[in-house]
Amino acid sequence: MIKRTLYIGNPAYLSMKNNQLTIRYKENLEESESKNYGTAAASDIDNGWLEKRMKAADSFSRTIPIEDIGIIVLDHRQITLTHGLLDSLLENNAAIVTCNKSHMPSGLFMPLEGNNEQTKIIKAQIESSLPLKKQLWAQTIAAKIRNQAVILKKRNVKINNMITWSKKVRSGDPDNYEGRAAAYYWKNFFPMIPDFIRDRYGEPPNNLLNYGYAILRAIIARAVVGSGMLPTLGIHHSNKYNAYCLADDVMEPFRPFVDNVVYSIVSNGENFYELDSSIKKQLLDIGTLDVIIGGKRSPLMIAAQRTSSSLARCFEGKARKIAYPELEI
């Protein structure tokens, strides 16, 4: 079952009751209480004031089953969560994403364990050989370049060089075909934006790409943990300050799916200089995108689980190839 991605962008109280996430929006509560009840005196409590206050809170609440939640994005400084809710979300292997004052995802909260065979799988991951990791990285880059090529072909851009590069990627990508492909890809990706440069801190629509990649990273990290692996230990990325190196590795062939969504937003004439609610909704729906792996179609969030499971089998010596998604030509 595909899990839900929730976005909370207003002041709210988040708690848990009967295995349900309960959302109470602060503005509605405060307005209702001020209008209907004012300030309670001690004697008023005996007359049912507290009971009325709780009923008012319930009237402005919304509930969602914890088991249905895959990712929850918190995008307001006045969101309050209970510890019981956090514990339940993590037990359900949900990813909790926090946003900074610029409304960009800045943190990711994940469970310490998400698979009943985690010890065995992590041991295999840690003991995996360097040649194996280099081979897995070559598969990752080749899949990423193929998906980038498909997108460019749909823009009527010549892709013979991209196809050639995807086939020539060697173990560990010592020839840096990933870099060559990226330079060609971004040069031709936004024909309506002359001289576009893909830069995390660059001009819009880089902001949309950053936001989409952050959501994708949460989806992949959740899948990696769910498959029993440590998201910190990558097959290529190894930044000592990065707690999600493996997620950053695995998400590479998935990035073009995010790119496609951003391209649609820009080509439709939406104001991409600001992340408004319409744009955020489109980017938050990345997990529901149709993805094909091995000829089978599924939502991206489910596909991410298939990919991470195949990687775990590679670490254990049960498989030799990662099951990555393929964009349709």
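Since this is a predicted model, take the numbers as computed values, not measurements. (Residues numbered from 1 in each chain as written. Predicted model: local features only at pLDDT ≥ 70, side-chain atom pairs only at ≥ 80, totals over all residues. Heavy atoms only, no water.)

## Section: the overall build of the protein
Threshold: Elements are defined by DSSP. Helices are runs of H or I of four residues or more, strands are runs of E of two residues or more, and each kind is numbered from the N terminus. Relative accessible area decides the class of each residue, using a 1.4 Å probe on protein chains only: under 20% of the type maximum gives buried, over 50% gives exposed, and in between gives partly exposed. Here the open area of atoms and residues is found with the Shrake-Rupley method and a 1.4 Å probe, where only the protein chains shown may cover a residue.
Within the protein, the regular secondary structure consists of 13 helices and 10 strands. Here the protein holds 329 residues, and 49% of them are scored as buried. Roughly 16,900 Å² of accessible area belongs to the protein as shown, and the carbon and sulfur atoms make up 48% of that amount.

## Quick look at the confidence of the model for the protein
Convention followed: A score between 0 and 100, pLDDT records how confident the predictor is in each residue. Here, two residues are considered to be in contact whenever any of their heavy atoms come within 4.5 Å of each other.
On average, the protein scores 89 in pLDDT, and the residues at 70 or more come to 89%. The lowest-confidence element of the protein is helix α2 (residues 42–46), averaging 42 in pLDDT; the highest-confidence one is helix α6 (residues 130–154), averaging 98. Taken together, the stretch residues 29–47 has pLDDT below 50 and engages in 18 contacts with residues farther than four places along the chain or on a different chain.

## Thoughts on unusual backbone geometry
The omega angle of the peptide bond from P204 to P205 is 10°, so this bond is cis rather than trans. Of note, P205 is situated in the loop between α8 (177–189) and α9 (206–226). With phi around 55°, N18 is a residue other than glycine that occupies positive phi space. Along the chain, N18 falls in the loop between β2 (12–17) and β3 (20–25). The phi angle at D173 is positive, at roughly 50°, despite the residue not being glycine. Tracing the backbone shows D173 in the loop between α7 (160–168) and α8. Classification of D173 as buried rests on a relative accessible area of 9%.

## Examining α6
The following threshold applies: Given the number of residues in a helix, its expected span is that number minus one, multiplied by 1.5 Å.
Compared with the 36 Å implied by 1.5 Å per residue over 25 residues, the 37 Å span of α6 between its first and last C-alpha is a close match. Where α6 terminates, the next one or two residues include N156, which has phi positive at roughly 65°.

## Remarks on the environment of V224
Summarising the element assignment, V224 is placed in helix α9. With relative accessibility at 0%, the residue V224 sits in the buried group. Other than its neighbours up to four places away in sequence, V224 contacts M229, L230, P231, L246 and S308.

## A look at the pattern of salt bridges
Formally: Throughout this description, the term salt bridge denotes a Lys or Arg side-chain nitrogen within 4 Å of a carboxyl oxygen of Asp or Glu.
For the structure on display, the rule yields 13 salt bridges. The residue E316 makes a salt bridge to K120 at a minimum N-O spacing of 3.5 Å. Pair noted here: E316 is in the segment after α13 (300–315) and K120 is in helix α5 (residues 118–127), with a separation of 196 residues, a long-range link. Assessed through its relative accessible area of 24%, E316 is described here as partly exposed. Judged by its relative accessible area of 42%, K120 falls in the partly exposed class. The salt bridge involving D248 is made with R217; its shortest N-O contact spans 2.8 Å. Here R217 lies in helix α9 and D248 lies in helix α10 (residues 245–250), a separation of 31 residues in the sequence.

## Quick look at the nonpolar core
Here is the rule we go by: The term nonpolar core refers to a set of buried residues drawn from Ala, Val, Leu, Ile, Met, Phe, Trp, Tyr and Cys, joined through side-chain atoms within 4.5 Å.
Counting residues in each nonpolar core, the largest one holds 81 residues, and the members touching the most others are M162, F190, I220 and L283. Contact partners of I220, with chain neighbours within four places excluded, come to A247, V250, M251, F254 and A304. Of all hydrophobic cores here, the second largest spans 17 residues; its members include I8, I64, A94 and I96.

## Comments concerning the side chain of D259
The condition is simple: Lys and Arg are tallied as positive, Asp and Glu as negative. Neither His nor the chain termini are counted.
Tracing the chain through its elements places D259 in helix α11 (residues 255–267). It turns out D259 is buried and unbridged, and the closest side chain with the opposite charge, R255, is 6.7 Å from it. Among residues more than four places away in sequence, those in contact with D259 are Y185, W186, F189, L209 and Y213.

## Quick notes on the sheet that holds β3
To be explicit about the condition: When DSSP finds two or more bridges between a pair of strands, those strands are recorded as paired. Fitted lines through C-alpha atoms give the axes, limited to the stretch in contact for helices. The angle between two N-to-C directions lies from 0 to 180 degrees.
Taking strand neighbours across the sheet as the criterion, the four strands line up as β4-β3-β2-β6 in an open arrangement whose pairing is mixed. Of all strands in the sheet, those with a lone pairing partner are β4 (61–65) and β6 (79–81), marking the two edges. Ignoring strand direction, the axes of neighbouring strands in this sheet form an average angle of 25°. Its contacts with the sheet put helix α4 (residues 83–91) on β2, β3 and β6, and the angle it makes with β2 is roughly 65°.

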